[in-house]
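# Summary of structural features
Below are the chains, spelled out letter by letter.
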Amino acid sequence: MKPYLSKRQFLKNLTGVAVLSQTNLSDLIRLHEHLPAEKLAEDEQFWTKIREAYEVPKDFIHLENGYYSMTAKPVMQKYLAHIQAVNKVSSYYMRTRQFDDKMISRKKLADLLGCSFEELIITRNTTESLDTIIAGFDWKTGDEALMAEHDYGAMLDMFKLQAKRHGLTNKVISVPLHPKSDEEIVEVYEKAITPKTRLLMVCHLINITGQILPIKKSQKWRIVMG
Ligand SMILES: Cc1ncc(COP(=O)(O)O)c(C=O)c1O
């Protein structure tokens, strides 16, 4: 397996993919990619150009980035063009070219993420990805899964369903709202881990509080996760 990308490199690559279809935006990124993030954050001209790539509503200020994420105009145009092209040849496309096309996308995404394409599955969203793992686990009665009450509802519901179907025990911890240290958070999780724990759901950032979880700091997590 290839080494993983740094977060900054990943975001840089992602921006590159999002604007691939519009040359002037690609040029814009290329011209600025050498700048440190703090400096670029203050470059109003750059951000005005990025803003122009989106159809920003005029009658209200859009501060929410959840629920439905706005797509940049060049990405939307490309997306619609693909739908139209597939719609023209319908099942002929599905029985012939779709497999090669999907493989091209899978390989590009794997390059972006720094993994091999065999390790990557494309799903429609976060819920589908996590629920596939939670519901696809070979649960045995008495197994335990560990999660936090602050985790996203769709995944908590899927764990509840597994508890009903397979006798899984869900241990739901509460992440402290005002932790004095990372260690305090780690301790809450560690105390809930038992020899029966088979799966932990730990998010990187709690969307309700903004708390970043110190993933690297727990030795026990590493043992449980192999
Ligand atoms: C914290 C969090 N996790 C997961 C999801 C689900 O994402 P998706 O719609 O990609 O399934 C959301 C959606 O807003 C979210 O806010």
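Here's a quick rundown of the structure. (Residues numbered from 1 in each chain as written. Predicted model: local features only at pLDDT ≥ 70, side-chain atom pairs only at ≥ 80, totals over all residues. Heavy atoms only, no water.)

On to the site of the ligand, then. If you check the shell around the ligand, you find Tyr67, Asn125, Thr126, Thr127, Tyr152 and Asn207 and nothing else. Contacts to the ligand include Thr126, whose side-chain N or O atom sits 3.0 Å from an oxygen atom. Thr127 is positioned with one of its side-chain polar atoms (N or O) 2.5 Å from an oxygen atom of the ligand. Relative to its unbound accessible surface of 400 Å², the ligand loses 66% to contact with the protein. (Near = heavy atom within 4 Å. Polar contact = N/O pair within 3.5 Å; in protein donor to acceptor, adjacent residues only side chain to side chain. Areas by Shrake-Rupley, 256 points an atom, 1.4 Å probe, with all protein chains shown as cover.)

Looking now at the environment of Glu55. Positionally, Glu55 belongs in the loop between α4 (44-52) and α5 (73-95). On the accessibility criterion, Glu55 (63% relative accessible area) is exposed. Excluding its chain neighbours within four sequence positions, the residues that come into contact with Glu55 are Met70 and Lys73. (Helix = DSSP H or I, 4+ residues; strand = E, 2+ residues; numbered from the N terminus. Buried < 20%, exposed > 50% of the residue type's maximum accessible area, 1.4 Å probe, protein only. Contact = heavy atoms within 4.5 Å.)

Okay, the environment of Asp43 next. Its location among the elements puts Asp43 in the loop between α3 (37-40) and α4. Each C-alpha atom, one on Asp43 and one on His32, is 9.8 Å from the other, the two residues being eleven residues apart in sequence. Reaching out from Asp43, the side chain makes a polar contact with the backbone nitrogen of Gln45 at a distance of 3.2 Å.

Attention now goes to the pairing of strand β2 (residues 169-173). In this sheet, β2 lies alongside strand β1 (residues 144-148) in parallel orientation, the contact comprising five bridges. Paired with Glu144 across the two strands is Thr169, which belongs to β2. Remark: the β1/helix α8 (residues 153-166)/β2 crossover connection has right-handed handedness. (Pairing = 2+ DSSP bridges. Right-handed = clockwise from strand over helix to strand, strands pointing away.)

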